[in-house]
Amino acid sequence: MIIRRLGGGLLVLWLVSILTFLLVHLIPGDPAEAVAGENATAADVERIRAELGLDRPVLEQYVTWFTGVLRGDLGRSLFTDKTVVDSIAGSAPPTLVITLMAIVVAVLVGVSAGIVAGLTRGSRVDRAVSALATLGIAMPSFWLAMVLVSVFSLTNPWLPATGYAELSEGFGTWLSHIVLPSTALGLATAAELARHTRGCVADVLTRPYIRTARARGASGGWLVRRHILRNAAIPVVTVLGLQAGRLLGGAIVIEAVFGISGLGTLAVNAVLQRNYPIIQGYVLLCAVVVVLLNLIVDLAYGWINPKVRTA
């Protein structure tokens, strides 16, 4: 199964590379003009276009670029002369840290609330969790981010409102800078997970094997861990895998609100500058992350339910 999934993932990445390359070249404007500057002559623009290889047919440009990708060379930025790999590596840490912490927030808050709501179906707690989940899904992450900044940074100066600190500056300083961005990014996913977890747990409780287990004397935490959570986990893991990819994209907005210079800032600047290599490298990185997440989800299926391994 793993080999088949890897093959499918590689095919997806190849198709993404083709679509990305073609769509990037449809962006209005000429990168050569942007690199040459406002005072450049037509001859200067043509010379730069030839140096960048933009005067060649699109298919030839793609083959050259994709051949480099296979060697691990994603090209160079058109404006800084840094390699795309170095540019992405320099901007990735804040984005990846915020995204991973947002996943932690989503799992801790969403799954816990969903389990409680599912186990107490029809109660006030269940109705409260369902209402809060609906509210969390409806709230835009950027609006929630501004509310958190207003409450925890401006009204009560407990946490910094902007910026990112490296772990080398101290764990407390690092943590204080990622709490608000991660919370703002992760709560919408937590709401989604809470709804799905609640529905899955409530559905499992109606199954015959749960009634049989209870008839045999199973109850409490053992019943929840052994039967309820294990059988309700697969749909929840599926949703988490899908949401994790969206979190990486949503980090762009959160970075803008909190003034963090990460992959989102790099991507936005690349689009504004028509910096083709950076755009292509960023999209390809996102595609790789999504493919890996789906592979992890598939492996998690086999761990949760061994029957899936042979499917």
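Located above this text is the structure these notes cover.
A brief report on the enclosed structure follows. (Residues numbered from 1 in each chain as written. Predicted model: local features only at pLDDT ≥ 70, side-chain atom pairs only at ≥ 80, totals over all residues. Heavy atoms only, no water.)

1. Thoughts on helix α4 (residues 58–70)
The end-to-end C-alpha distance of α4, which contains 13 residues, comes to 18 Å, matching closely the 18 Å that a straight helix rising 1.5 Å per residue would cover. Positive backbone phi, at 85°, marks Gly72, one or two positions downstream of α4. (Helix = DSSP H or I, 4+ residues; strand = E, 2+ residues; numbered from the N terminus. Expected span 1.5 Å × (residues − 1).)

2. Considerations on the packing of aromatic side chains
Taken as a whole, this structure holds six aromatic pairs when the rule is applied. Ring geometry for Tyr62 against Phe66: centres 5.6 Å apart, planes inclined by 15°, an arrangement best described as stacked. Taken together, the positions of Tyr62 and Phe66, both in helix α4 and four residues apart, correspond to about one turn of that helix. Taken as a pair, Tyr62 and Phe66 share a single burial class, namely buried. Judged by centre distance (6.0 Å) and plane angle (50°), the ring pair of Phe152 and Trp158 falls under tilted. Overall, the relative accessible area of 28% leaves Phe152 in the partly exposed class. Take Trp158: its relative accessible area is 60%, and that puts it in the exposed class. (Phe/Tyr/Trp six-rings, centres within 6.5 Å; stacked < 30°, edge-to-face > 60°. Buried < 20%, exposed > 50% of the residue type's maximum accessible area, 1.4 Å probe, protein only.)

3. Quick look at helix α1 (residues 2–24)
The first and last C-alpha atoms of α1 sit 32 Å apart over 23 residues, in line with the 33 Å expected at 1.5 Å per residue. Listed in full, the buried residues belonging to α1 are Gly9, Leu13, Ser17, Thr20, Phe21 and Val24.

4. Observations regarding a nonpolar patch on the surface
Nonpolar side chains collect at one region of the surface, where Phe142, Trp143, Met146, Val147, Val151 and Val253 lie side by side and expose about 490 Å² of accessible area between them. When residues in the nonpolar patch are grouped by element, the largest group, five residues, is from helix α7 (residues 141–155). When you line up the elements, Val147 lands in helix α7. Exposure remark for Val147: the relative accessible area of 30% places this residue in the partly exposed category. (Patch = residues over 30% accessible without salt bridge, like charges linked within 9 Å, V, L, I, M, F, W, Y side chains within 5 Å. Areas by Shrake-Rupley, 256 points an atom, 1.4 Å probe, with all protein chains shown as cover. Salt bridge = Lys/Arg side-chain N within 4 Å of Asp/Glu carboxyl O.)

5. Quick word on the environment of Thr162
Relative to the elements of secondary structure, Thr162 occurs in the loop between α7 and α8 (171–205). Among all residues touching Thr162, those that are not within four sequence positions of it are His177 and Phe258. (Contact = heavy atoms within 4.5 Å.)

6. What about the nonpolar core?
Formed by 22 residues in total, the largest nonpolar core has its most connected members in Trp65 and Leu263. Only α1, α4, α5 (84–119), α11 (263–273) and α12 (276–304) provide two or more residues apiece to this core. Among the elements that line this core, the one with the most residues is α12, at six residues. Apart from the residues lying within four places of it in its own chain, the contact partners of Leu263 are Ile88, Ser91, Ala92, Thr95, Glu255, Tyr282 and Leu285. Formed by 20 residues, the second largest nonpolar core is a distinct cluster that contains Ile98, Trp174, Leu180 and Ile260. (Core = buried A, V, L, I, M, F, W, Y, C linked by side-chain atoms within 4.5 Å.)

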